[in-house]
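# Descriptive structure summary
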Amino acid sequence: MSPGRGAAFALACGMAIAITLAIGARGGKSGDVASMPIEPAAPATRATGLVFTNHHGEAVSEHDLVGEFLLVFFGYTRCPDVCPTGLQVMTNALRRLGPLEEQVRPVFISLDSARDTPAVLREYLSHFHPRFLGLTGSEAQISAAAQAYDVLFVRGAPDTSGGYAISHEDDFYLVGAHGEAIAILDGDDGSGALASEIEDLLSHRLGGLGQNRGDS
Amino acid sequence: MSKSLKRWLLTALAALALQPAFAGSAEIQITRAWSRASVGSGGNGVVYLTIENTGTQIERVVSVATPIAKHASLHKTVEEDGMVRMLPVPNLEIAPTSWIVFEPGGLHVMLMGLRAPIEAGSRFPLTVRFEKVGPIETEVVAGSVGALAYPDDIEE
């Protein structure tokens, strides 16, 4: 697997595997599986050369993210219900990973480039896992990232005070050290189940390291 | 997100009727009202609670209000077209001898325009106005920014 241009975030190439894994890990819950919003898009349309601004205000390219596993969630900091839940489930799941925790970088990509400045992201993410990487950017940069991950999002109409909500997908994307898609996970069964899925997916890639995990 | 296990746990806990925070009438009880600490200023907040109808008639929530926010309303997170979005719930019904648990990823009270930040560990009042029994005030306990349940629950 080449870490070169276009390989990072090339989720499309792994999408079929991801769907298989995601569904396979949920055995017996066919009702939930049927509602999973996974629709692979054509690989040829994928954006490459993704760039962001991180929560410290520094420019980050997709190449900077190569080298460690990523657990990615898209949302926005003014999202009161779904996003804090998602970030806390991520945080709790990583803490259950034992020796694998250090190898997985939790990433929050903001879908609200207008309001989620690096400073806002920094303050928000300080309440979650300490290794969180927050990514924001221009509207075009965020749209490109969402397209690369096949994430749908729609900004709602502004209310009387100018505020708005954003509809978005709420899955977790597990990405390999070379930017390849590993799985799309929904986290609906809580952080323990999410941690088990991540561990199962990563441990064989790491020569069984994850099997040292305790019972917690 | 559908969280059937968590819903079951919350329901089971609510059924124990050991809640320290209790507010209500003979027919309607509000328990386990909790919130999340807010980030920044002037943002939004959220409240989750349990409403139980021990009466013999259908009851409806007419409105919600709290002094800490300019506007409060009932919302429900739903999944549509592969995305989660929040929809207003203008007319929540609670059937006789039943209860409704508000929880992350589902029903919640949306607080818009916070007048002051919500601090973890703080408490604030919330008034739920019902069609028949009128207003009931309850005390909301704030957990962390990412709290997933009433503060005395195991965070899962």
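Note: the structure precedes this text.
Residues numbered from 1 in each chain as written. Chains lettered and ligands numbered in written order. Predicted model: local features only at pLDDT ≥ 70, side-chain atom pairs only at ≥ 80, totals over all residues. Heavy atoms only, no water.

## Describing the overall build of chain B
On a plain count of helices and strands, chain B comes out with one helix and 11 strands. Reading chain B from its N terminus to its C terminus gives the helix and strand order α-β-β-β-β-β-β-β-β-β-β-β. Per-residue burial over chain B gives 52% buried out of 156 residues. If you take every contact in chain B between residues at least 6 apart in sequence, the share linking residues at least 24 apart comes to 67%. When the accessible surface of chain B is split by element, carbon and sulfur atoms take 56% of a total near 7000 Å². (Helix = DSSP H or I, 4+ residues; strand = E, 2+ residues; numbered from the N terminus. Buried < 20%, exposed > 50% of the residue type's maximum accessible area, 1.4 Å probe, protein only. Contact = heavy atoms within 4.5 Å. Areas by Shrake-Rupley, 256 points an atom, 1.4 Å probe, with all protein chains shown as cover.)

## Focus: the side chain of A:His55
Tracing the backbone shows A:His55 in the loop between β1 (51–54) and β2 (59–61). Those residues in contact with A:His55, other than ones at most four positions away along the chain, are A:Pro118, A:Leu121, A:Arg122, A:Phe132, A:Leu133 and A:Gly134.

## Topic: the interface of chain A and chain B
Between chain A and chain B, the contact holds 34 residues from the first and 32 residues from the second. Of the roughly 2500 Å² buried between chain A and chain B on both sides combined, carbon and sulfur atoms contribute 57%. Put simply, chain A and chain B have zero salt bridges between them. Our enumeration of links across chain A and chain B arrives at seven residue pairs in polar contact (both at pLDDT 80 or more). Every element with two or more residues in the side of chain A that touches chain B is listed here: α3 (82–95), α4 (118–125), β6 (153–155), β7 (166–168) and α6 (190–203) of chain A. Residue contributions to the side of chain A that touches chain B peak at seven residues, all from α3(A). Here the residues of the side of chain A that touches chain B sort into 13 nonpolar, 11 polar and 10 charged. (Buried area = accessible area lost by both parts, 1.4 Å probe. Salt bridge = Lys/Arg side-chain N within 4 Å of Asp/Glu carboxyl O. Polar contact = N/O pair within 3.5 Å; in protein donor to acceptor, adjacent residues only side chain to side chain. Nonpolar A, V, L, I, M, F, W, Y, C, P; charged D, E, K, R; others polar.)

## Describing the sheet that holds β2(A)
All names here are of chain A. Spatial strand order, β2-β1-β5-β4-β3-β8-β9: seven strands in an open sheet with mixed pairing. A single partner strand is all that each edge strand has here, and the edge strands are β2 and β9 (181–185). For this sheet the average axis-to-axis angle between neighbouring strands, irrespective of direction, equals 30°. Across two bridges, the pairing between β1 and strand β5 (residues 133–136) is antiparallel. Of the residues in β5, the one forming a bridge with threonine 53 is threonine 136. Lying over the sheet, α3 contacts β3 (69–75), β4 (104–110) and β8 (172–175), oriented at roughly 165° with respect to β3. (Pairing = 2+ DSSP bridges. Axes fitted to C-alpha atoms, helices over the stretch in contact; angles between N-to-C directions.)

## Looking at the environment of B:Leu92
Residue and element names in this part refer to chain B. The residue leucine 92 is located in the loop between β6 (83–88) and β7 (93–94) in this model. On the basis of relative accessibility, which here comes to 9%, the residue leucine 92 falls in the buried class. Sequence-wise, leucine 92 and arginine 60 are 32 residues apart; in three dimensions their C-alpha atoms are separated by 5.5 Å. Setting aside residues up to four positions removed in sequence, leucine 92 forms contacts with Glu59, Arg60, Val61, Leu74, Ile100, Phe102 and Leu107.

## A short note on the packing of aromatic side chains
All names here are of chain A. In this structure the tally under the stated criterion is seven aromatic pairs over all chains. Judged by centre distance (5.2 Å) and plane angle (65°), the rings of phenylalanine 74 and tyrosine 149 are edge-to-face. Of the two residues, phenylalanine 74 is situated in strand β3 and tyrosine 149 in helix α5 (residues 139–149); the sequence distance between them amounts to 75 residues. Considered together, phenylalanine 74 and tyrosine 149 belong to a single accessibility category, that of buried residues. Among the aromatic residues, those joined into a cluster by ring pairs are Phe74, Tyr149 and Tyr173. A cation over an aromatic ring shows up here: arginine 115 above the ring of tyrosine 164, its NZ or CZ 3.7 Å from the ring centre. (Phe/Tyr/Trp six-rings, centres within 6.5 Å; stacked < 30°, edge-to-face > 60°. Lys NZ or Arg CZ within 6 Å of the ring centre and 35° of its normal.)

## Considerations on the pairing of strand β11 (residues 134–143) of chain B
All names here are of chain B. Counted residue by residue, β11 has seven buried out of 10 residues, so it is predominantly covered. Sheet analysis places strand β2 (residues 28–36) next to β11, joined by three bridges and oriented parallel. Opposite serine 35, over in β11, you have alanine 142 as the bridge partner. Pairing between strand β10 (residues 123–130) and β11: eight bridges, direction antiparallel. Bridging across to β11, phenylalanine 130 finds its partner in glycine 134. The antiparallel pairing of β10 with β11 creates a hairpin that spans three residues between the two strands.

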